[in-house]
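Here's the letter readout for the chains.
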Amino acid sequence: SSRYKTELCRPFEENGFCKYGDKCQFAHGEAELRNLNRHPKYKTERCRTFHSTGFCPYGPRCHFIHNEDE
Ligand SMILES: [Zn+2]
Ligand SMILES: [Zn+2]
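Conventions we followed
Residues numbered from 1 in each chain as written. Chains lettered and ligands numbered in written order. Predicted model: local features only at pLDDT ≥ 70, side-chain atom pairs only at ≥ 80, totals over all residues. Heavy atoms only, no water. Helix = DSSP H or I, 4+ residues; strand = E, 2+ residues; numbered from the N terminus. Buried < 20%, exposed > 50% of the residue type's maximum accessible area, 1.4 Å probe, protein only. Contact = heavy atoms within 4.5 Å. Donors = N, O, S within 2.8 Å, 3.2 Å for Na, K, Ca; no water. Tetrahedral: all angles 85-135°; square planar, octahedral: opposite > 155°, others 65-115°.

Asks: Explanation requested: the overall build of the protein chain in the structure shown.
Replies: The number of helices and strands found in the protein chain is 2 helices and 0 strands. Burial statistics for the protein chain: of 70 residues in total, 24% are counted as buried. The contacts in the protein chain between residues at least 6 apart in sequence include a share of 22% that link residues at least 24 apart.

Asks: Sorry, what's going on with the coordination of the zinc ion (ligand 2) here?
Replies: Metal coordination angles have textbook ideals: 109.5 degrees for a tetrahedral set of four donors and 90 or 180 degrees for an octahedral set of six. Around the zinc ion (ligand 2), the donor atoms from the protein are C47 (SG), C56 (SG), C62 (SG) and H66 (NE2), and they sit 2.1 to 2.4 Å away. Each of the 4 donor atoms bound to the zinc ion (ligand 2) contributes to angles spanning 105 to 113°, and the resulting shape is tetrahedral. One chain supplies every donor for the zinc ion (ligand 2), spaced along it as C-x8-C-x5-C-x3-H.

Asks: Before we go on, may I ask you to explain the coordination of the zinc ion (ligand 1) in this structure?
Replies: Around the zinc ion (ligand 1), the donor atoms from the protein are C9 (SG), C18 (SG), C24 (SG) and H28 (NE2), and they sit 2.2 to 2.3 Å away. Considering all 4 donor atoms around the zinc ion (ligand 1), angles at the metal cover 104 to 115° and the coordination shape is tetrahedral. Counting the intervening residues between successive donors of the zinc ion (ligand 1) yields the motif C-x8-C-x5-C-x3-H.

Asks: Mind showing me how you'd approach the environment of L8 here?
Replies: Summarising the element assignment, L8 is placed in the segment before α1 (10–15). Classification of L8 by relative accessible area gives partly exposed; the value is 28%.

Asks: Just to check I follow, could you spell out unusual backbone geometry for this structure?
Replies: In terms of backbone geometry, most residues other than glycine have negative phi values and most peptide bonds are trans. For K5, which is not a glycine, the phi torsion comes out positive at approximately 55°. Structurally, the position occupied by K5 is in the segment before α1. Residue K5 is classed as buried on the basis of its relative accessible area of 8%.

Listed below in structure tokens is the structure:
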């Protein structure tokens, strides 16, 4: 799949565990995440939408910083 390891695995992010293990199509942690679709400014600037409205439709996939510890 072209989306292989381009997004973080939600169960793994939330629970630190994923039942698919090594076969999972999603990245287990930033280290596994493939960079090809990553915005060059990925997480280098604060998300204007999130910080003005408290909500961003992109959620965890947003290219901008939502929380300072991201
Ligand atoms: Zn997974
Ligand atoms: Zn955002």
